Amino acid sequence: MTMNTTLYGECVSAGGSTAVRISDLASLGCAVETDAPAASIEGDLTLWIGAIGPFAATATRRDSRSLSVRFAEPLDRQIVQHFALI
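No experiment lies behind these values; they were computed from the predicted model shown.

*Asks:* Go over the environment of S68, please, and point to the residues and values.
*Replies:* By the element assignment, S68 lies in strand β6 (residues 66-71). Overall, S68 belongs to the partly exposed group, its relative accessible area being 29%. Setting aside its immediate chain neighbours within four residues, S68 contacts C30, T58, A59, T60 and R62.

If you want it as structure tokens, here you go:
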């Protein structure tokens with residue numbers, strides 16, 4: 001199950017925290033966009049989805065403002081379903 005709603009969250013990494021827009025949320029990962037340079041949050045991080053988290057993940061840059069995020073552990077289906085209903 002993948003959801004297409006845009007959510008707001010935060011990526012926290014060694015470089016600090018960055019506000020992000022989260023889309024394509026699925027149990028294994030999601031896409032994030034940021035207004036900050038994506039390179040500052042590439043690599044290992046924790047992702048907050050709204051007030052839920054932190055989720056350990058790894059981010060890979062897709063372009064200057066977007067990243068692909070893969071969760072270290074799959075998200076529970078109930079979490080994905082919760083955000084699909086928003």
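Having seen the model, we can carry on.
*Asks:* A description of the side chain of S13 should follow, citing residues and the corresponding values.
*Replies:* Along the chain, the position of S13 falls in strand β1 (residues 7-13). In this view, S13 contacts S40, I41, D44 and L45; residues no more than four positions away in its chain are not counted.

*Asks:* Describe the sheet that holds strand β5 (residues 52-61), and please don't skip the residues or the numbers.
*Replies:* Read once around its circumference, the closed barrel built from six strands follows the order β1-β2-β3-β6-β5-β4, with strand pairing classed as antiparallel. Averaged over all adjacent pairs, the angle separating strand axes in this sheet is 45 degrees, with direction ignored. Here three bridges tie strand β2 (residues 16-23) to strand β3 (residues 29-33), and the two strands are oriented antiparallel to one another. Each residue of the ladder has a partner; that of S23, found in β3, is A31.

*Asks:* Residues and numbers for the state of the cysteines, please.
*Replies:* If you walk through the whole model with that rule in mind, you get zero disulfides. Between C11, a free cysteine, and C30, which holds the nearest cysteine sulfur, the sulfur-to-sulfur gap is 7.5 Å. Judged by relative accessible area, which is 8%, C30 ranks as buried.

Definitions and limits used
- Residues numbered from 1 in each chain as written.
- Predicted model: local features only at pLDDT ≥ 70, side-chain atom pairs only at ≥ 80, totals over all residues.
- Heavy atoms only, no water.
- Helix = DSSP H or I, 4+ residues; strand = E, 2+ residues; numbered from the N terminus.
- Buried < 20%, exposed > 50% of the residue type's maximum accessible area, 1.4 Å probe, protein only.
- Contact = heavy atoms within 4.5 Å.
- Pairing = 2+ DSSP bridges.
- Axes fitted to C-alpha atoms, helices over the stretch in contact; angles between N-to-C directions.
- Disulfide = S-S within 2.5 Å.

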